[in-house]
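Examining the three-dimensional arrangement
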Amino acid sequence: MKDQASKPLSNTQRAIHELRALIFSGDLSAGSDHLESELAERLGMSRTPVREAALTLEGQGLLEMRPRKGVRILPISTTDMAEIYEVLTELESLAAARAAKLGYDDAALSDLAQAIEDMDAALAAEELEAWAEADDRFHAELVRLGGNSRIKAIAAMMVDQVRRARATTLFMRPLPTQSNEDHRAVYEAIRSGDVETARERHRDHREAAQNIIIGLLEKHRLNRL
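Residues numbered from 1 in each chain as written. Predicted model: local features only at pLDDT ≥ 70, side-chain atom pairs only at ≥ 80, totals over all residues. Heavy atoms only, no water.

**Details of the sheet that holds strand E1 (residues 33–34)**
Reading across the sheet, the three strands line up as E1-E3-E2 and stay open at both edges, with antiparallel pairing between neighbours. The open sheet has two edge strands, E1 and strand E2 (63–66), and neither has a second partner. In terms of strand pairing, E2 meets strand E3 (residues 70–73) through four bridges, oriented antiparallel. The partner of methionine 65 across the bridge, within E3, is valine 71. (Pairing = 2+ DSSP bridges. Helix = DSSP H or I, 4+ residues; strand = E, 2+ residues; numbered from the N terminus.)

This is how it looks when you write it as structure tokens:
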């Protein structure tokens, strides 16, 4: 049976990926308005998959669809970000605790360890976009290791907003050396089966990230575009 992961993306899936990338990069900037026909031409496809993709991204809080006016790219709301971080912090901290309790060996934790190594290398080279990509992998793998499909599903609903806020502020913040140290501490706690340390170190890590990102959004008025 052919692996489903190898199937080509549908036009709607491709539109979702491409529109999300344009929003994250700032090519579709916060507060800007766009007609469906304009976006369809930009992506080289018909309006139907663009409309379906926009509905999906509206549900993720990235844009707003307005009848007869097209779509508006939403600014990043600090209130939304605070609420998202509050939920995501608890879910991921629970995942970290569950992962520690499950007693994984080094082989099972290899992807988590590799993400940390990649973050260290990216930071040494001051390649922040590569660091952010490895950071995404760390958090996704942490949730997977938690072994709770509902945590994974709920976290997936929120991660795009966090990723967008981080991308917006990525080059405004100091080098995230503390973040790398936090990741390694969480990894070591999971590896040694220290449930409470895994939970608390990850909670502290997410709360610190929240404070940095929301502080930058407010300082630079990026939530009022």
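**Points about the domain arrangement of the protein chain**
Domain boundaries in the protein chain define domain 1 (11–73) and domain 2 (78–219). For domain 1 versus domain 2, the separation of C-alpha centres amounts to 28 Å. With eight residues of domain 1 in contact, the opposing surface of domain 2 contributes five residues. Around 590 Å² of area is buried between domain 1 and domain 2 when both sides are counted, 52% of it from carbon and sulfur atoms. Contact with domain 2 buries surface across domain 1, with Phe24, Gln60 and Leu62 losing the most and accounting together for 70% of the total. Put simply, domain 1 and domain 2 have zero salt bridges between them. Linking domain 1 with domain 2 are one residue pair in polar contact (both at pLDDT 80 or more). (Domains from an automatic or database assignment. Contact = heavy atoms within 4.5 Å. Buried area = accessible area lost by both parts, 1.4 Å probe. Salt bridge = Lys/Arg side-chain N within 4 Å of Asp/Glu carboxyl O. Polar contact = N/O pair within 3.5 Å; in protein donor to acceptor, adjacent residues only side chain to side chain.)

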